Amino acid sequence: MLQYFAELIANFGFLRTIKRIVKYKIEAVSEIMALYITASYWFTASISFANPAVTNSRTFSDTFSKINYHNIFLLAVEQIIGAVFAFILYLVRDKGA
C-alpha cells in the first residue's frame, strides 16, 4: 500500500515541479527535473516511475527496480490520481492568481 501512495506523491510532485519551474525559470527545467527524479527514485518506496509507459516497461527489466506485472494496474491508477490532484491544484491555485 505504501508503494502505491508513494507513486501518487511522486507523480504529483513531478507535475507540480514542472509547473513551478516553467513559471519561474524555463531554461532550468531539464536539470531540476533530473534532480527531482533522482531524489524521488532514492527516497520513495515506489522508486518513482511517474509514467504509466515506464511502469509497463519495467515489468520486462531484470534490475532491482523491476515491477511485478500484477502491480502495473494499481501503480498506473495512482499515477493518474496524482496527475489529477496536480491538475486540480493548478486550477484552484495557479489559475485564480
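In this report, the structure presented in the accompanying data block is examined. The shown structure was predicted, so the numbers you read here are calculated from the model rather than taken from an experiment.

1. Quick word on helix α2 (residues 29–43)
Note on helix geometry: an α-helix contains 3.6 residues per turn, so any two residues three or four positions apart are oriented the same way. If you check α2, its first and last C-alpha atoms are 21 Å apart, about what 15 residues at 1.5 Å a residue would give, namely 21 Å. Residues of α2 that are buried include every one of Met33, Tyr36 and Ser40, and no others. Projected onto a plane normal to the axis of α2, the buried residues spread over an arc of 55 degrees and lie on a single side. Turned more than 90 degrees from where α2 packs its buried face, Ser30, Leu35 and Trp42 sit exposed. In the core, the buried residues of α2 are packed alongside α1 (2–24).

2. With respect to the environment of Leu89
Within the secondary structure, Leu89 is located in helix α4 (residues 72–94). A residue is classified by how much of its surface remains accessible, and Leu89, at 29% relative accessible area, is partly exposed.

Cut-offs and rules
Residues numbered from 1 in each chain as written. Predicted model: local features only at pLDDT ≥ 70, side-chain atom pairs only at ≥ 80, totals over all residues. Heavy atoms only, no water. Helix = DSSP H or I, 4+ residues; strand = E, 2+ residues; numbered from the N terminus. Expected span 1.5 Å × (residues − 1). Buried < 20%, exposed > 50% of the residue type's maximum accessible area, 1.4 Å probe, protein only. Arc of directions from axis to C-beta. Contact = heavy atoms within 4.5 Å.

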